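Spelled out from the first residue to the last, the chains are:
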Amino acid sequence: ESPSAANAMDQAMQSSNAARAFVGTISKLGQPAGPSARFNVVKLWGSGKATPRQYQTFAVAATNPAGVVKALDRFRASETGQSSPGDVMLLALRAGGVPGFTHSLVVLYDDRGEYEEWVARTGQNKDWARFQKEMSRHATIIGSIMGTSVAVFGDTDLVSQMLTR
């Protein structure tokens, strides 16, 4: 993770009139569903080119982050992991979040149907079973959400730079 790219991304968001207008409108319609959090990128698996248009995020309580990285390295190197239609990021919680939440595992993909089909095929194979067993030694999934980005502001290349440096 590049601190200068992360800072540039934050500054771009803060100086965007469109982003401020969007946040102002959204804040009149409701309240955040949970506490906000800040993260550092631990590792990115994939091309680094997936857009944040579609995602699934897993809240993780990791007792051994290095073991989580090793399990993901092994899985992503497997035939099943290489066939994944998106990128995966492991993020370490820096500030905020809820008790017990130490990391976030984020899957970014462009086509939800393709991702769902991959998940259905993967759920019963030996690569996935090995990954699940390894992960359970090092971490517990404490929650998950799937989402679609409704708006993107500023230079999205800054996000890519932040994640890949």
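Below you will find a few notes about this structure. Remember, predicted model here, so these are calculated numbers, not experimental data. (Residues numbered from 1 in each chain as written. Predicted model: local features only at pLDDT ≥ 70, side-chain atom pairs only at ≥ 80, totals over all residues. Heavy atoms only, no water.)

### Details of the packing of aromatic side chains
Evaluation of the coordinates by the stated rule reveals six aromatic pairs. Between the aromatic rings of phenylalanine 75 and tryptophan 128, the centroid separation amounts to 5.4 Å while the plane-to-plane angle is 70°, which identifies the pairing as edge-to-face. Here phenylalanine 75 is found in helix H3 (residues 65-77), whereas its partner tryptophan 128 is found in helix H6 (residues 126-138), with 53 residues between them in sequence. In this structure phenylalanine 75 comes out as buried when scored by relative accessible area, which is 7%. (Phe/Tyr/Trp six-rings, centres within 6.5 Å; stacked < 30°, edge-to-face > 60°. Helix = DSSP H or I, 4+ residues; strand = E, 2+ residues; numbered from the N terminus. Buried < 20%, exposed > 50% of the residue type's maximum accessible area, 1.4 Å probe, protein only.)

### Some thoughts on the layout of surface pockets
The volume enclosed by the second largest pocket comes to roughly 420 Å³. Lining the second largest pocket are 22 residues, and of these Phe58, Leu105, Trp128, Phe131 and Gln132 sit closest to its centre. Elements represented by at least two residues in the lining of the second largest pocket include exactly strand S2 (54-62), H3, strand S4 (103-109), helix H5 (112-122), H6 and strand S5 (139-148). Tallying contributions element by element places H6 first for the lining of the second largest pocket, with five residues. Its residues assigned to classes, the lining of the second largest pocket shows 14 nonpolar, seven polar and one charged. (1 Å grid on protein atoms, 1.4 Å probe; cavity = no way out; pocket = protein on both sides within 12 Å on 5 of 7 lines; lining within 4 Å. Points joined across faces, edges and corners; volume = space filled by probe spheres on them. Nonpolar A, V, L, I, M, F, W, Y, C, P; charged D, E, K, R; others polar.)

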